[in-house]
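What follows is each chain in one-letter form.
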Amino acid sequence: MAHRIEVALRRQYRDATGSRLTVRARDNLQMQVDKIRTVDVYTIDVDLPTYALETLAQALADPIIQDWAIDQPLARRFDWLVEVGFRPGVTDNVGRTATEAASLALGENLPQGAKIYTSRQYAIRGELIRSEVELIANRLLGNPLINRFAVINRQSFDQERGVPVTVPKVTDDAEPKTETIDLEISNKELKQLSRERTLALSLTELEAIRDYYRDEQTKQLRQERGLPDQPTDVELEVLAQTWSEHCKHKIFNAAISYYDENDKCEQINSLFKTYIEKTTALVRARAGSADYCQSVFVDNAGVWKFDDDYSLVFKVETHNSPSALDPYGGALTGIVGVNRDPLGTGQGARLFCNTDVFCLADPNYQDEIPPRLLHPRQVLEGVREGVEHGGNKSGIPTVNGSLVFDKRFLGKPLVFCGTGGIMPAQINGKPSYFKQARPSDRVVMIGGRIGKDGIHGATFSSEELHEGSPATAVQIGDPITQKRMSDFLLRARDEGLYSCLTDNGAGGLSSSIGEMAETPGGVRIDLAQAPLKYSGLMPWEIFVSEAQERMSAAVPPENLERFVTMARQMGVEATDLGEFTAGPNLEVYYGERLVALMDMDFLHGGVPQMQLEARFRPVDPAPVEMAQPDDLQVALEGLLSHLDICSKEYWVRQYDHEVQGGSVVKPLCGADDDGPSDAAVVRPVLDSMRAVAVAHGICPRYADVDAFHMAACAADEAMRNLIAVGADPNRVVALDNFCWPDPVQADGNPDGRQKLAQLVRANRGLSEICVAYNMPLVSGKDSMKNDYAIGKTKISIPPTLLVSAIGQLDDASQAVTMDVKNVGDLVYIVGTTDADDLGASHYLLQSKATGGQVPQVREPEQVINTYRWLHRAIKSRLVASCHDVSDGGLGVALAETAFAGALGLVVDLRKVKACGRRERDDFVLFSESPCRFVVTVSTAMAPAFEILMGDAATQVGMVTADTRLA
């Protein structure tokens with residue numbers, strides 16, 4: 001017999017969750033909801049005596065502010081009651097924690113297999129009909145992809161005396177089996193097979209797989225090992241995830257015929273090799289013995305030198321597709337997933353900061369929402385909450401980020417999550433970035449258990465969002481389990497208990513083990529040994545599930561007992577699944593039965609190279625034709641209220657940026673801590689003043705004119721933000737994250753060649769700036785197919801590049817912030833304003849005008865010299881404040897500088913160094929030319945500052961006491 005324990009706030013206390021949902025129901029869904037109160041429900045699927053249930057209830061409730069009841073309802077005074085729980089098989093983090101708490105409270109473990117499942121009741125008051133309540137449930141209270149709902153009116157509730165007890169167990173106890181997949185079918189049937197199984201494989205790739213199984217040598221080996229001639233479902237699924245766009249980056253590695261505006265053709269063999277990898281190689285070669293990069297493009301994250309004792313690690317990932325279906329779960333697994341990248345880099349890094357960047361549609365969106373999409377406000381709140389919970393509960397500060405809004409992100413939001421780590425330069429006498437699995441090492445899975453959540457995550461993320469996108473692709477993260485695992489792994493690292501470690505990310509075990517096995521040559525594992533959340537999973541599901549909080553390690557046999565024992569002592573599950581071999585095959589068993597046998601070379605190198613065509617058709621913007629506004633103050637106020645530019649304090653305050661105690665420059669700064677910092681400054685080693693600066697650049701709207709300049713401006717903005725807080729421009733590394741609409745020409749995607757041309761030009765723009773600035777690219781990620789296509793509706797995101805940059809400060813006390821400090825300080829503009837740089841600017845967007853040239857980085861070799869001079873001025877403590885000029889131009893930068901310091905500015909626009917149509921005050925004020933800063937300097941330091949900066953800085957005004965910008 002199962003029991004229910006209900007816990008609720010006492011009536012005299014305000015229900016903050018219920019109040020928030022009441023407002024959202026009214027504002028977002030236009031529902032006449034008077035009040036919502038919540039009740040937490042714990043369903044125990046074992047018959048416990050009354051005393052035990054009472055003990056457990058007392059442990060689950062706060063005796064000061066909450067009441068509890070056993071097998072009795074607590075909900076009162078409502079018209080409708082909605083109970084929301086997880087679907088069977090979906091990870092229930094609170095339920096798992098409650099199960100552990102029950103054992104502690106009772107002083108003994110619950111019976112074998114017993115669990116506690118959680119749900120929440122929403123007692124709703126208001127004149128609503130059932131269909132309206134169901135809409136509130138599906139759009140606001142849960143997500144039908146992962147949640148189950150019970151909607152009960154007051155009369156039914158009274159008749160039933162509450163909500164019937166239900167236990168959401170997975171009931172599929174089918175015998176695990178494998179299928180043989182027939183590939184000797186027509187091309188049409190092959191395409192249908194790929195679609196139905198969410199393989200995301202092209203016809204060419206399916207034909208290559210079919211040819212592999214037709215090979216006589218392959219056939220003979222399979223017959224000898226008792227396997228059919230055709231692939232098993234395990235093998236086909238492994239190939240699909242390994243060859244997915246998400247994992248294999250097929251578009252970035254394609255052979256591209258690029259036709260420029262004059263139809264001149266250039267052959268590009270791999271964008272990655274030509275622009276990303278080559279850029280870093282050029283920068284490193286130029287540095288010679290001063291090269292500080294240690295490991296790039298070969299691991300989960302890039303590694304470079306911090307000082308003689310430590311190395312830095314950083315990675316930024318995207319989690320767009322799952323966040324479109326479940327914003328909270330998608331973003332939560334995005335942040336905890338990227339946490340595992342630095343943790344699984346080299347011998348393992350300790351994590352010291354998180355970042356996030358969200359690209360979303362307008363949260364005030366008023367039009368009809370297309371099928372399967374969520375309202376942008378729900379997406380915004382969900383992704384923020386997901387990253388907040390993942391970071392805060394993991395004890396990692398979120399120190400940097402931004403929000404970008406464009407109506408095209410309605411089709412698929414972009415969710416960028418980044419994590420920085422630090423590790424000793426040497427561990428047990430070896431460079432910490434070196435790792436290598438060896439033959440005879442044991443294959444050990446660590447962390448969470450495997451379930452159906454996350455199946456087909458890699459392949460699902462490799463195609464557009466459509467009506468058949470699978471619910472199982474959504475994962476639910478558990479930061480508490482992951483924190484235990486990371487603490488354990490760092491201790492095991494220091495004892496030298498493993499030789500290689502990596503993340504179970506996209507593709508789960510198939511990806512992590514398959515990648516680790518490349519070095520020794522092969523691997524042999526038994527999936528029957530894998531710990532599961534519940535029975536009924538097929539072998540292929542076990543192998544490719546991306547259920548969260550898992551890592552894989554190569555553990556030398558002599559260390560296995562110590563490794564597993566330590567894991568158990570620290571509350572972490574570690575399971576021996578098999579061993580690495582000298583190859584040449586991936587061998588997967590389920591018990592005694594061989595279910596997959598695949599040549600490692602074919603698995604990793606057999607995917608055919610894509611052959612693509614790109615055709616660039618430039619946008620020829622006309623000059624901007626618009627009347628100058630009568631009141632520039634009104635125009636500036638409009639820009640300051642734009643969603644991209646307005647204060648993000650509401651979101652920032654919900655992240656913990658102080659945990660670990662290393663934060664120096666916070667996300668908000670100034671007299672009242674409401675000014676937007678250009679970059680974060682963090683001390684990852686607390687007994688040292690050496691610091692890390694973290695920033696980014698992103699300006700997707702510029703790609704509407706030219707993706708080359710979009711990429712160049714994003715890279716410059718990332719560097720510029722670091723310079724603004726005092727980072728050394730000679731010690732900056734960057735990471736690139738490309739998120740693109742489908743760039744492959746096909747039926748339903750008629751502009752694929754132009755999108756691919758934009759991708760080519762973006763790579764060139766990024767490379768040009770990084771080479772000029774000596775800024776190596778140490779890691780990155782690309783996400784293609786960011787489109788929505790259901791029925792006749794297709795929505796493609798704007799081509800988007802996020803450039804994340806990490807710099808260093810010798811002394812954190814030398815860092816500066818963007819807020820003015822003292823009355824009488826002089827105001828300088830560093831850099832030149834081109835009044836024609838208005839293309840795709842926020843000013844034109846606000847004015848509903850068109851035309852203008854897109855902002856451009858001109859003479860980057862000279863620009864980086866200016867940055868070096870400004871860094872020298874900051875390091876010499878000549879600068880009181882420094883703020884980069886970006887969205888909204890000088891007008892916004894000056895206003896932010898002033899209000900952050902709670903002082904005023906008087907500025908003479910005639911003194912601004914400018915070119916183009918400088919006679920237009922509005923153009924000078926709102927041009928978004930890059931490479932510029934607003935700097936304030938005390939009168940005492942001004943002569944030295946002017947000598948150092950020369951013509952690069954122009955004095956244009958003064959700080960005043962009257963809190964006005966004039």
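As the structure is a computational prediction, the values presented were derived from the model and not from experiment.

Rules used in this analysis
- Sequence order sets the numbering: in each chain, residues are counted from 1 along the sequence as written.
- The model is predicted, so local features are restricted to residues of pLDDT at least 70 and side-chain atom pairs to those at 80 or more, both for listing and for counting; the totals for chains, interfaces and linings are taken over all residues.
- Side-chain measures were taken over the full set of non-hydrogen atoms in the model, leaving aside hydrogen atoms and water.
- Note on conventions: DSSP H or I runs of at least 4 residues are helices, E runs of at least 2 residues are strands, and numbering of each starts at the N terminus.
- Just to be clear, the radius of gyration here is over C-alpha atoms, and the globule rule we use is 2.2 Å times residues to the power 0.38.
- Per-residue accessibility, obtained with a 1.4 Å probe over protein chains only, is compared with the maximum for each type, and a residue is labelled buried under 20%, exposed over 50%, and partly exposed between these values.
- In what follows, residue pairs with any heavy atoms lying within 4.5 Å of each other are defined as contacts.
- Accessible areas in this description were obtained via Shrake-Rupley with a 1.4 Å probe; residue shielding takes into account the shown protein chains only.
- Charge assignment in this entry is limited to Lys and Arg as positive and Asp and Glu as negative, and neither His nor the chain termini are counted.
- A single reference atom marks each charge: NZ on Lys, CZ on Arg, CG on Asp, CD on Glu.
- Under the pairing criterion, centres of Phe, Tyr and Trp rings, with the six-membered ring standing for Trp, must be within 6.5 Å; the plane angle then separates stacked pairs below 30 degrees from edge-to-face pairs above 60, leaving the rest tilted.
- Whether a charge sits over a ring depends on NZ of Lys or CZ of Arg being within 6 Å of the ring centre and within 35 degrees of the ring normal.
- Should a side-chain nitrogen of Lys or Arg be within 4 Å of a carboxyl oxygen of Asp or Glu, the pair is scored as a salt bridge.
- Joining through side-chain atoms within 4.5 Å is the link that ties buried Ala, Val, Leu, Ile, Met, Phe, Trp, Tyr and Cys residues into a set, and such a set is a nonpolar core.

(A) Representation of the overall build of the chain within the structure. When helices and strands are counted, the chain shows 29 helices and 41 strands. At 29 Å, the chain has a C-alpha radius of gyration in line with the 30 Å of a compact globule built from 966 residues. Expressed as lengths along the three principal axes of its C-alpha atoms, the size of the chain is roughly 80 × 75 × 60 Å. A burial count over the chain gives 62% of its 966 residues as buried. When contacts within the chain are restricted to residue pairs at least 6 apart in sequence, those whose partners lie at least 24 apart make up 82%. Carbon and sulfur atoms make up 48% of the accessible area of the chain, which totals about 36000 Å². Looking at the chain, you have 99 positive and 133 negative side-chain charges, and the mean spots of the two groups are 1 Å apart.

(B) Examining the packing of aromatic side chains more closely. A full pass over the atoms with the stated rule returns 14 aromatic pairs. A centroid spacing of 5.2 Å and a plane angle of 85 degrees characterise the contact between Phe272 and Phe297, whose relative ring orientation is edge-to-face. In this pair, Phe272 is assigned in helix α11 (residues 271-287) and Phe297 in the loop between β9 (293-295) and β10 (302-305), connecting sequence segments 25 residues apart. Exposure remark for Phe272: the relative accessible area of 23% places this residue in the partly exposed category. Ring geometry for Phe488 versus Phe563: centroids 5.0 Å apart, planes at 70 degrees, classification edge-to-face. Of this pair, Phe488 sits in helix α16 (residues 479-494) while Phe563 sits in helix α19 (residues 560-569); the two residues are 75 residues apart in sequence, bridging distant segments of the chain. The residues Phe488 and Phe563 share a single accessibility class, namely buried. One aromatic cluster in this structure is built from Tyr212, Tyr213, Trp243 and Phe602. It is Arg197 that lies over the ring of Trp540; its NZ or CZ is 5.6 Å from the centre. Between the NZ or CZ atom of Arg731 and the centre of the ring of Tyr292, over which it lies, the distance is 4.9 Å.

(C) Here's a closer look at the pattern of salt bridges. According to the stated counting rule, one finds 54 salt bridges in the structure shown. Here Asp644 makes a salt bridge to Arg701, at a shortest N to O gap of 3.6 Å. Of this pair, Asp644 sits in the loop between α21 (632-640) and α22 (649-652) while Arg701 sits in the loop between β29 (691-697) and α23 (707-725), placing them 57 residues apart in sequence. Arg701 shares its class with Asp644; the two are buried. In this structure, Asp819 and Lys821 form a salt bridge, with 3.5 Å as the shortest nitrogen-oxygen distance.

(D) Fine view of the nonpolar core. Core analysis: the biggest nonpolar cluster contains 84 residues, and Ile256, Phe738, Leu766, Tyr773, Leu870, Val935 and Phe945 have the highest contact counts within it. With near-sequence residues (within four places) excluded, Phe945 lies in contact with Tyr828, Val830, Leu870, Ala873, Leu878, Val879, Val935, Val937 and Ala953. Counting residues in each nonpolar core, the second largest holds 52 residues, with Ile513, Met516, Met538 and Phe580 among its members.

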